[in-house]
Number of protein chains: 2
Amino acid sequence: MRKIIIKSQFTSKNYELRNKIATMVAGKNTYRSEIKNKILPDLPKSLAVIGSGVIAIELAQAMHRLGVKTTIFARSRKVGTLTSPNLQLLAQKELQTELDIKFEVLPKTVANTQAGVEITYEENGAELTLITDYLLTATGRDSNLQNLKLENINKAFTDLKKLPVDPQTKQLMHYPIFIVGDAKTATPIQHEAAHEGKFAIHNALNYPKVKSLKTLPPLGIVFSSPEMATIGQSFKDLKNNNIEFVTGFVSYEKQGRALVLGKNKGAAEIYVDKMSRKVLGSELFIESAEHLAHLLAWMISEQLTVDDALTKPFYHPTLEEGLRTALKHARRQLNPI
Amino acid sequence: MRKIIIKSQFTSKNYELRNKIATMVAGKNTYRSEIKNKILPDLPKSLAVIGSGVIAIELAQAMHRLGVKTTIFARSRKVGTLTSPNLQLLAQKELQTELDIKFEVLPKTVANTQAGVEITYEENGAELTLITDYLLTATGRDSNLQNLKLENINKAFTDLKKLPVDPQTKQLMHYPIFIVGDAKTATPIQHEAAHEGKFAIHNALNYPKVKSLKTLPPLGIVFSSPEMATIGQSFKDLKNNNIEFVTGFVSYEKQGRALVLGKNKGAAEIYVDKMSRKVLGSELFIESAEHLAHLLAWMISEQLTVDDALTKPFYHPTLEEGLRTALKHARRQLNPI
């Protein structure tokens, strides 16, 4: 039987693959042969994807654009990482125009059959069956922490979700143990893991002198098309923390440069503190979000206000000019200085 | 006779055209029909371009990629805006692999003939003739300032190159006259002109209370492929001002993300002050330089040191990671803190 079930796991090999496929979303076929040779015997004719998070959306869109008939089963309606209700809705609508996403529908049964992967599911009250060449489950993954049997050190470590890890030092209680990166995190992101790992080694070598690690401003990117990004405090963070903020909004549907590029889709939001006028966070669903996300993340880490940001140069014609529109929109909602 | 000579002038109409064509360098044909209808009766079969500055390179490369047989005559070997000898050489070599650039060769005669634009020139000692459908001269332009007859106000204004304009206020001597933007500048860039214009109006309305305008960190972008950018103090500025600096260099030929995109060309340089460790400037000849240029310009305007910059998040896998490589290369050349 040549039908297999791929489980989304970040081995270094398929992490690399993810990046290659994701960057292929732009439509380039450079790595098509590489995927074909290294990972799959051939590109499948059809693929079912379970999940609508980062990996699911990136790979589903890439495979779809490579000509694979792709069907996505999603537990909720949420796509990718955006927490802004506005941008979520926009992203759901936009991605649905291209991809076959079954929102709030999960497979009931999955079986390997002679014909392929047989998936049964319920949609609009009807029992349906889908047969695809492959199934990709991209519904998160388990930390290997459980294999370490930490509970043998201390009974308090039985529930891995409640491990007492210091968020500043990543030290496990008073033990000479540091837990960093994807082993235990809400943000499984490579550059944060690398940063934490470096600090943990420093702390391990200087033990018991343990320094706090300098935390990075949050920066998450989804290599979909358009790209998504969350920078600094997300819309949800701000709401959960009852922070008083205004939202500077800009649609990219008529943004000058986006129009010229033929990539005039999506929108951006920038969140500004009502009192301090500091830029607190941003969410993007636009072309080249990865670049604008760095600009915003660095600006946020420098604690810039909306007024500071508006004194910066915005070259014409660029996508960055859209951020200026959003910053001005935010400023108009604040009290005049 | 349908042969005409186009002179590069920034009317608002052909400024827009420049941007559209320049962004087309990526290979998109979206605006092909627009150019055809609005500006030229048809895309020519052949085009000669005089000049190798911003406009010349952007348009020549765009036309070449649209299938127009394009020949560039350049007074010097300099292409675009890069002042770093290293990056200039790289850009010359790279652009020459694609474009027919005759360095240090200018037309001796140009004539409209029945067959087309007849251009004679000397190359390697031989007298040669080229016939093209069109000729584009992109060798700079004259300011309309000369039409104002400023010398009637004050004899000191006869030589427009030596006009006593205050660089901080843009005021002409003690007169209630402000000269901004492309009317008199070494950097004819839209966002700087807009910025200066706004301040000049403020000063005109509040005259004789004249405020200094907040100068923007220099930021120039060439929409070639790869793109060029100069940010902050250029290599040449730093040399001319005898500033002691180190150069952080990174080649993008093996940069991870650039490789995956199939855009692994060019290089970047970041200039760091030897004493203060501040990032002073940068020159780029890489894919998406326009975005990285904003990041660098904003960082420079915040007076960040190389050490500050290296504490910022660099998402993986992105082109921004290349800048980190350059920053680290610069830091290795400085004294340890």
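What you are looking at is a predicted structure, and each value in this text was computed from that prediction instead of being measured.

**Regarding the overall build of chain A**
Assigned secondary structure in chain A consists of 10 helices and 13 strands. Relative to its full complement of 337 residues, chain A shows a buried share of 52%.

**What about the relation of the copies chain A and chain B?**
What relates the pair of chain copies is a rotation about an axis plus a shift along that axis. The two copies are related by a screw operation: chain A maps onto chain B through 180 degrees of rotation and 0.0 Å of translation along the axis, at an RMSD of 0.0 Å. Look at the turn and shift together and you get a two-fold axis relating the two. Proximity to the rotation axis, assessed at the C-alpha, singles out A:Leu295 in chain A; its C-alpha lies 2.6 Å from the axis. Comparing interface residues between copies, 100% of those in chain A also sit at the interface in chain B, which points to an isologous, same-surface contact.

**Quick notes on the environment of A:Glu283**
Residue and element names in this part refer to chain A. When you line up the elements, Glu283 lands in strand 13 (residues 279–286). Using a relative accessible area of 0% as the deciding quantity, one classes Glu283 as buried. Between the C-alpha atom of Glu283 and that of Gln233, which follows or precedes it by 50 residues, the distance is 9.0 Å. Ignoring any residue separated from it by four or fewer positions in sequence, one finds Glu283 in contact with Leu82, Thr83, Ser84, Leu87, Ala229, Thr230, Ser234, Phe235, Ala268, Glu269 and Tyr271. Within the structure, Glu283 has its side chain in polar contact with the backbone nitrogen of Ser84 (distance 3.0 Å).

**Thoughts on the environment of B:Val250**
All names here are of chain B. Note on placement: Val250 falls in strand 11 (residues 245–251). On the basis of relative accessibility, which here comes to 5%, the residue Val250 falls in the buried class. In this structure, the C-alpha to C-alpha distance between Val250 and Leu327, residues 77 residues apart in sequence, is 8.8 Å.

**Regarding the confidence of the model for chain A**
Residue and element names in this part refer to chain A. Summary statistics for chain A give a mean pLDDT of 88 and a share of 88% for residues scoring 70 or more. Below pLDDT 50 for its whole length, residues 1–16 participates in 42 contacts with residues either more than four positions away or in separate chains. Scored below 50 in pLDDT, residues 19–37 shows 37 contacts in the model against residues more than four places distant or in partner chains.

**Some thoughts on the interface of chain A and chain B**
Counting residues at the interface gives 43 residues for chain A, matched by 43 residues for chain B. Across the interface of chain A and chain B, roughly 4200 Å² is buried in total on both sides, 65% from carbon and sulfur atoms. Broken down residue by residue, the surface that chain A buries against chain B is led by A:Trp298, A:Pro313 and A:Tyr315, which jointly contribute 21%. Taken together, chain A and chain B are joined by 14 residue pairs in polar contact (both at pLDDT 80 or more). Among the secondary structure elements, those contributing two or more residues to the side of chain A that touches chain B are helix 1 (12–23), helix 5 (190–205), strand 9 (219–222), helix 7 (256–261) and helix 8 (289–301) of chain A.

**Some points on the pairing of strand 10 (residues 227–232) of chain B**
Residues and elements named next belong to chain B. Within strand 10, 6 of the 6 residues are buried, which leaves it mostly tucked inside the rest of the structure. Sheet topology note: the strand 9 (residues 219–222)/strand 10 ladder contains 4 bridges and is antiparallel. Bridging from a neighbouring strand, Gly220 pairs with Thr230 of strand 10. Pairing between strand 10 and strand 13 (residues 279–286): 6 bridges, direction antiparallel. Bridge pairing in strand 13 places Met228 opposite Phe285.

**Overview of the pattern of salt bridges**
Working definition: two side chains of opposite charge can pair if their charged atoms are close together. Considering all chains together, one arrives at 24 salt bridges over all chains under this definition. Note that B:Glu321 is salt-bridged to B:Arg324, the shortest N-O span being 3.5 Å. Here B:Glu321 pairs with B:Arg324, and both are found in helix 10 (residues 320–332), just 3 residues apart, close to one helical turn. Its relative accessible area of 12% is what places B:Glu321 among the buried residues. Ionic contacts of the salt-bridge type, sharing partners, join the residues A:Asp100, A:Lys102 and A:Glu123 into one network.

**Focus: the side chain of B:Glu320**
In this fold, B:Glu320 is placed in helix 10. Buried and without a salt bridge, B:Glu320 has B:Arg257 as its closest oppositely charged side chain, separated by 6.7 Å. The residues touching B:Glu320, leaving out its near neighbours within four places in the chain, are A:Glu290, A:His291, A:His294, B:Leu292, B:Leu295 and B:Phe314.

**Thoughts on a positive patch on the surface**
A contiguous patch of positive charge on the surface is contributed by A:Lys198, B:Lys328, B:Arg331 and B:Arg332. When residues in the positive patch are grouped by element, the largest group, 3 residues, is from helix 10 of chain B. Within the secondary structure layout, A:Lys198 lies in helix 5. Using a relative accessible area of 62% as the deciding quantity, one classes A:Lys198 as exposed.

Criteria and thresholds
Residues numbered from 1 in each chain as written. Chains lettered and ligands numbered in written order. Predicted model: local features only at pLDDT ≥ 70, side-chain atom pairs only at ≥ 80, totals over all residues. Heavy atoms only, no water. Helix = DSSP H or I, 4+ residues; strand = E, 2+ residues; numbered from the N terminus. Buried < 20%, exposed > 50% of the residue type's maximum accessible area, 1.4 Å probe, protein only. Least-squares fit on C-alpha atoms with pLDDT ≥ 70 in both. Contact = heavy atoms within 4.5 Å. Polar contact = N/O pair within 3.5 Å; in protein donor to acceptor, adjacent residues only side chain to side chain. pLDDT = per-residue confidence, 0-100. Buried area = accessible area lost by both parts, 1.4 Å probe. Pairing = 2+ DSSP bridges. Salt bridge = Lys/Arg side-chain N within 4 Å of Asp/Glu carboxyl O. Lys, Arg positive; Asp, Glu negative; His and termini not counted. Patch = residues over 30% accessible without salt bridge, like charges linked within 9 Å, V, L, I, M, F, W, Y side chains within 5 Å. Areas by Shrake-Rupley, 256 points an atom, 1.4 Å probe, with all protein chains shown as cover. Charge placed at Lys NZ, Arg CZ, Asp CG, Glu CD.

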